[in-house]
Amino acid sequence: MFTIDLNNPDEFTFENVRKFIASGDNSRESQLKITENGILSIVYGNEIRVTRKNLFTSIIFLKWNNCIGTEAAENIKGLERTYSELQKIRDGREY
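The residue numbering used here restarts from 1 in each chain and proceeds along that chain's sequence as written. The predicted origin of the model limits local features to residues at a pLDDT of at least 70 and limits the giving and counting of side-chain atom pairs to 80 or more, whereas totals for whole chains, interfaces and linings rest on all residues. Think of the side-chain values as coming from all heavy atoms in the structure, minus any hydrogens and water.

### As for the environment of Gly24
Alright, step 1. Helical segments are the DSSP runs of H or I of at least four residues, strand segments are the runs of E of at least two, and each set is numbered from the N terminus. Of note, Gly24 is situated in the loop between helix 1 (14-22) and strand 2 (30-35).
Alright, step 2. Each C-alpha atom of the pair Gly24 and Ser41 lies 9.6 Å from the other, and the pair is 17 residues apart in sequence.

### Thoughts on the packing of aromatic side chains
Alright, step 1. Under the pairing criterion, centres of Phe, Tyr and Trp rings, with the six-membered ring standing for Trp, must be within 6.5 Å; the plane angle then separates stacked pairs below 30 degrees from edge-to-face pairs above 60, leaving the rest tilted. One pass over the structure, following the stated rule, counts three aromatic pairs.
Alright, step 2. With a centroid separation of 4.9 Å and 35 degrees between ring planes, the pair formed by Phe12 and Tyr83 is classed as tilted. Separated by 71 residues along the polypeptide, Phe12 in the loop between strand 1 (4-5) and helix 1 and Tyr83 in helix 3 (residues 76-90) bring together distant segments of the chain.
Alright, step 3. Measuring from ring centre to ring centre gives 5.7 Å for Phe14 and Tyr83, while their planes differ by 80 degrees; the resulting arrangement is edge-to-face.

### Examining helix 1
Alright, step 1. Looking at helix 1, one finds that the buried residues are Asn16, Val17, Phe20 and Ile21. An end-on view of helix 1 places all buried positions within 140 degrees of arc, on one side of the element.
Alright, step 2. Buried residues belonging to helix 1 abut strand 1, strand 2, strand 3 (39-44), helix 2 (70-73) and helix 3. For each residue, the accessible area found with a 1.4 Å probe, counting protein chains only, is set against the maximum for its type, and the residue is called buried under 20%, exposed over 50%, and partly exposed in between. When we speak of the arc, we mean the arc of directions from the helix axis to the C-beta atoms. Contacts are residue-level and defined by heavy atoms, with any inter-residue pair within 4.5 Å sufficient.

### Quick look at the environment of Leu40
Alright, step 1. You can see Leu40 is positioned in strand 3.
Alright, step 2. Assessed through its relative accessible area of 1%, Leu40 is described here as buried.
Alright, step 3. With 38 residues separating them along the chain, Leu40 and Phe2 place their C-alpha atoms 8.6 Å apart.
Alright, step 4. With sequence-adjacent residues up to four places away left out, Leu40 is seen in contact with Phe2, Thr3, Ile4, Leu6, Phe20, Leu32, Lys33, Ile34 and Leu86.

### Considerations on helix 3
Alright, step 1. Working rule for helices: expected span equals 1.5 Å times residues minus one. Spanning 15 residues, helix 3 covers 21 Å between terminal C-alpha atoms, matching the ideal 21 Å at 1.5 Å per step.
Alright, step 2. All buried positions along helix 3 are accounted for by Gly78, Leu79, Tyr83, Leu86 and Ile89. Taken down its axis, helix 3 places every buried residue within 130 degrees of arc, on the same side. What points out from helix 3, more than 90 degrees from its buried face, is the exposed set Lys77 and Arg81.
Alright, step 3. In the stretch just after helix 3, Gly92 is the one whose phi turns positive, near 75 degrees.

### Some details on the pairing of strand 2
Alright, step 1. Strand pairing requires that DSSP identify at least two bridges connecting the strands. For strand 2 and strand 3, the ladder comprises five bridges, and the chain directions are antiparallel. The partner of Ile34 across the bridge, within strand 3, is Leu40.
Alright, step 2. Linking strand 2 back to strand 3 in an antiparallel pair, the connection comprises three residues, with Gly38 at a positive phi of about 85 degrees.

In structure tokens:
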């Protein structure tokens, strides 16, 4: 599973967010999750749930909606928006 540590500037780069989004499986329901330790991951199907240990859990992406996967990784405006929102979450700002 591909993860990004949002607290590590060597890991949390625009290019790594692009690779992270590209690694997602668009054929399955998925969700972005950030743990209280700042680890970003994608969860699928039965793994989708909200726990107190999650700092942030995104909306659920329905399968085939192109919010994750290779097509999503080619959408520069969408990636810029995702990267910006992740920065806000990391920095504790409102999102």
